[in-house]
Structures are given as C-alpha cells and as structure tokens.
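# Per-entry structural report
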Amino acid sequence: MTFRALRSILLALGVSALSATAGAADKIRWLNDWLPAGDKAVIYLAVQEGLFEDAGIEVEINSGRGSSDVVTKLGTGAADMGTGGLSALLQAQAGAEVPVTAVMSIYTKQPDAVFVAKGAGIDRLQDLKGKTLATATFSASNVTWPLVLEANGMEPDAVKVLKVDPGAMGPMFATGRVDGTINWITKLPAFEALMNDAGKEIKVLPWSEYGFNGYGLSVFASDRLIQENPALVAKVLDIYKKALRIAIDDPAKAGAALKAMVPDVDADIAAEEFAASARLIDTDVAGQDGLGAFEPELLAETWRWVAKAQDLPEDSLDPETSVTREFIPE
Amino acid sequence: MKSPTISAPRSSDRRRWPDMGRALLKVLDRGAPLFASLLLLLIWELGCRLFQVPSYLLPAPSAIVQGALSVSLESWLGHIWATLRVSLQGYALAVIIGIPLAVALANSRLLSRTLYPQLVIIQSTPIVAVAPIIVVVLGAGDAPRVAITFLITFFPIVVSTVTGLLATPPAMLELSRSLGASRLREVKNIQLPFAVPYIFSALRISVTLAIIGAVVAEFVAAEDGLGFFIAFSTSFFKVPQAFAALGVLVTLSLVLFQLVSLTQRLLFPWSLPDAEK
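If you're wondering where the values come from, they're calculated on a predicted model, not measured in any experiment. (Residues numbered from 1 in each chain as written. Chains lettered and ligands numbered in written order. Predicted model: local features only at pLDDT ≥ 70, side-chain atom pairs only at ≥ 80, totals over all residues. Heavy atoms only, no water.)

## Points about the domain arrangement of chain B
- Considered domain by domain, chain B is made up of domain 1 (2–50) and domain 2 (70–276).
- Using C-alpha coordinates to define each centre, domain 1 of chain B is positioned 43 Å away from domain 2 of chain B. (Domains from an automatic or database assignment.)

Take a look at the structure:
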C-alpha cells in the first residue's frame, strides 16, 4: 500500500512536471548589437505589437556592445539570438569554431559611411585626401576603411583617422577638430541634431557607393538553440520579419514602441534613425531576393572584403557554412 | 548732560559693530565650503555664456539642470536604484568576505603566505580589462556587475583590516594569553576593537569605490543604471544629461561616504580620532 501510494504520488508529480514544461512559455534572450536607438527598434516593436505574446514566447532584450560582443555572447550561451554585422561573424569563424549561425539578413547594403560638413569642398571620397576623420575606437569599419580607399585608387594612409570614444565623435566634428567621422548611416539623425546646433549641415558619403558591397546587419542564432528548438528560431524570425515590415511602413510606430520600453529615448529621433536604416533594408537587392535572404554571390563578396581586411586566405572559410537559409520566413 | 546720552549709543554702536563683524566672519567661515562651491558654479556658468561654449562640449550648470529636468523622475529613480542596488550588493559581499578573510590572514602565517600573493595579483589586474570576460562568464543580470563591484571594493577592506589587526600591541595579546583567553575571544575582544579605525577608513574608501565598480560594470553590460545612462546619453550627444548623471553619482558617493562615517560615530564613537569626537 505504502509503495503504491508513493508510486502514485511520484507519478502525479512527474505528470505535473511534464505538463508544466509543456505549458511553460518558450523563452528567448535577445541581444541587440548596440545601445537602444531607432535602428534597433524592430524587436521592441514586435514586443509592443504583442507578436511575441500571441506566439507564447517570452522575450528578454539586452544591449550588446558591438557585433563581436553579440557573437561572443551567443557563442558562450549568454544569449540565444541577436543582431550583428555579418562581417563580425565571418571574421570570428575564420579564426575559430564559433557555434553561431546567421539565420536572416537585415541590411543588404553596408551601413558604413563618412559624414562630412556640407560646403567643406568634400564631394567624393577622393576629396578626403589629407583630411582628418574621427572613428570609434572599436568600430569594425576601421578594418575595412583602408581597403575602401585602395579600391578607389587612394593610398591606405591618405586620410588621417583618429580613434576616439563614440560619444566624443559628434562634438569633435561639430567643433571642427576633425573634418568628418566614420559612422553607420543610421547614426545620421543624431549627428544632424547635433550639427544643427552648431549651424552646420552634413553630407554623407556611403561606402556602398564606392564599391563596398555585402550583407551588413543580420540576425544570428546560437547553434545550441538551432539544434534544441529549431521551431522557436523559425517563430522568432517570422515575428521579426513581421515587425520589420510594420516598421518600414511606419517608422514613427517603431520610434514610439522603442520609447515605450526605453523611456529615455527621443521618439522622433528614433523614428528618423529607423527610417535611415530602412534605406539599407528595403533595397533593390531585397526586392529581388526577398527580405532576409542570403544570396550566394553577395554573401561571397561580404566574405571577400573580410578576408582581405583581415589578411586571411580566401579559402580559410566557406561563408556558406556561416549561414542557414532554413528559417528565413516567406 | 547731553554728551553722555549721545556718547552712550555711540559706545554701544562701537560694541555692536565688532560683534556683527565677528558674527558675519563666523557665518562666512562656516559657509566657506558652500560659498566656494557656489562661486565656482557662477564662474562656470558665466564662462560658458561669455565664451559661448557649446553645451555638447561643456554644458553650463543651468544647461545641466535643464538636462536633468528633461528626464522623468521615474527614469532617474530607476537608474539610481539600479546603480545603488549593484553597488550595495557588491559592497556588502566585500565586507562579509573581506573582514573574516582579513582575520584569517592576520592569524595564520600559512594563509597569509599562500593567499596574500593571490589577492595582490587580483588587485593588480585591471578590472576594466577583465570586466567584459566576467560578463561573458556570468551572463546577463546583476551577477556580473556585483562581481565587478566586489572585485574593486574588497581589496582595500582586506588590507586595511589586516593592518589594523596586526597593530594590536603584542603586550595585550600576551596578557590575554597568560590569562587563558581563547583565540576567538582574543580576536573578538582585543584585535578587532583595535582594528576598528582601520576598518572604517577602508569602509569609507570602499563605498566610493563600489559606485565606481557599478559604473564600470554598467559601461560593459547593462540596461539601466547611471553608468549605462551616461553611455546612452553620450551616444545621442546629450552631454548635459550625462553631466547631470555624473552629478547624481557624485552625490550618491558623498551620501554613502557620510553614512559610513555616521555609522562609525554612532556605533564606535570611541574609535574616532580626538579631533572628530
């Protein structure tokens, strides 16, 4: 009797434990590649639109400190999915086994650009010869910059580059300490707000217009999650793409959603920032291949730039192994 | 007859004037630190206005106040609480581990020979450089930030407490041993009381270090807190806001510093130097 009673209690416990596991919401730890800003708004919009809640997914959003930080944290299991520049992932995987895979592309154009002051006589990249630019110390752009110059017939050291803290770049530019800055184009609204105070206007020289092609920001997932719960990866990507479309149609909504979750953000600037990043998402390439696709030739070109910048043999990595097209939503 | 009536008020005037002068001097003397700070703020404000220094380079005090007011009270409290929570947890951990460790080190030659070098190595490691690794290892949440704060704060507590414990006059220890006191009583009743001034000077230094530790950690990984808010504000070039957060951090440090001093004054008044009693 006692044994039977004990067994039935154990069984009941086991069943309830099982049903608890089945009933528990799927949880995803999402890591953006940088501090909250308009161009990171999509995931916040997805939360605010209730897309995660409807799918029974609990989401925790954190801010990484750069794409390579995201790759590291996904690889070590500190986060499950996140966004980062595809180059950072390719670079990491060329050197070591990093259990992270790109599951969807977001930017089909590289976001890097040079900001200069309008009317300073700098109309094209070649005009930067002998000028001084500020760049963020740990920016991935720094590695590619000499190659972009070379591709445009300039010496790699034709332009002086000062490495500074990201927060110092704007003030240095506004006060004329430097002739311009190297930035992601998504930072333009914040820079414009600052330069307006200084009575100046900005001219943008996007690197994509000077031959720097490839996939930029992409969605990554840890290999552990892909193996353990592939359905969850597919669900999250589906949600992300839905939110992306809503944001492209209505950047103000993306700005407002970010503001709702990160109150210190300026909703208008956030909306402008998203609109600036939408120009890298909603491109001819995306129109042709579909939003989120990894087209083999553009993927190969993304890798060729990384290989060249890192001085790696081109055959040291097959970029196809760094991506999967299995989860890209229709 | 008239002259004394006239001279009387004069003489009292003469007496009153120096009195007032002395009182004024006293007020000035007492308020000197405050007046100096106000004067500095005034020079800062005027300098910024006169030379038209843009607010993204050096915001004037008025711009900093405006920047502070542009952030909601709820948001401020959220950031302050996040930083305070991490600082105090790291600090408490440092005290709880640091003081017993110091007692062990002071009383065991083997421990001090084996552990002390390790502690010095930990202290010599630039925490800012290790912080990103700690975050990767301990994951999201408060744990990595508390660990970073702990690492920054606990060394001064250990070193200072050991110094205090070893400052016990050997004669006192010999006396207690000759009377057959247990080792525990020796530590509790003789060594620790002697170390109290040393412990509190370390606690005062460490509490300000705890704030620094929390901020360092927030620069590396955080979603709230004053350190995060400074990084966040400068990423949008909102320099006045960042300065306001800096002001809040300084205030927080000062308040905590004073609280530790107050604790010593209330609980261990005898341990204060004569001048402060």
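Having seen the structure, we can now continue with the description.
## Concerning the domain arrangement of chain A
Residues and elements named next belong to chain A.
- With domains assigned, chain A is organised as domain 1 (26–109 + 214–322) and domain 2 (112–210).
- In this structure, domain 1 and domain 2 have C-alpha centres spaced 25 Å apart.
- Interface area, domain 1 with domain 2, both sides summed: about 1300 Å², of which 76% is carbon and sulfur.
- Its largest share of buried area at the contact with domain 2, domain 1 owes to Glu273, Trp305 and Ala309, together 35% of the area lost on that side.
- Glu273 serves as the salt-bridge partner of Lys187, at 3.9 Å between the closest nitrogen and oxygen.
- Counting across the interface, domain 1 meets domain 2 through one residue pair in polar contact (both at pLDDT 80 or more).
- When residues of the side of domain 1 that touches domain 2 are traced back to their parent elements, those giving at least two are helix H12 (267–281) and helix H14 (296–310).
- Of the residues forming the side of domain 1 that touches domain 2, the biggest block, six residues, is contributed by H12.
- Split into classes, the residues belonging to the side of domain 1 that touches domain 2 amount to eight nonpolar, two polar and seven charged. (Buried area = accessible area lost by both parts, 1.4 Å probe. Salt bridge = Lys/Arg side-chain N within 4 Å of Asp/Glu carboxyl O. Polar contact = N/O pair within 3.5 Å; in protein donor to acceptor, adjacent residues only side chain to side chain. Helix = DSSP H or I, 4+ residues; strand = E, 2+ residues; numbered from the N terminus. Nonpolar A, V, L, I, M, F, W, Y, C, P; charged D, E, K, R; others polar.)

## Remarks on the pairing of strand E5 (residues 112–117) of chain A
All names here are of chain A.
- The element E5 is largely enclosed, with a buried count of six among its six residues.
- The two faces of E5 match: Asp112, Val114 and Val116 on one face and Ala113, Phe115 and Ala117 on the other face are all buried.
- Across five bridges, the pairing between E5 and strand E8 (residues 180–184) is antiparallel. What sits directly across from Val114, in E8, is Ile182.
- Pairing between E5 and strand E9 (residues 202–206): five bridges, direction antiparallel. Bridge pairing in E9 links Val114 to Leu205. (Buried < 20%, exposed > 50% of the residue type's maximum accessible area, 1.4 Å probe, protein only. Pairing = 2+ DSSP bridges.)

## Here's the deal with the interface of chain A and chain B
- Contacts between the two partners involve 30 residues from chain A, matched on the other side by 24 residues from chain B.
- If you sort the residues of chain A by the area they bury against chain B, Leu35(A), Arg65(A) and Asp264(A) come out on top, with a joint share of 28%.
- Linking chain A to chain B there are zero salt bridges.
- For the pair chain A and chain B, the interface holds seven residue pairs in polar contact (both at pLDDT 80 or more). (Contact = heavy atoms within 4.5 Å.)

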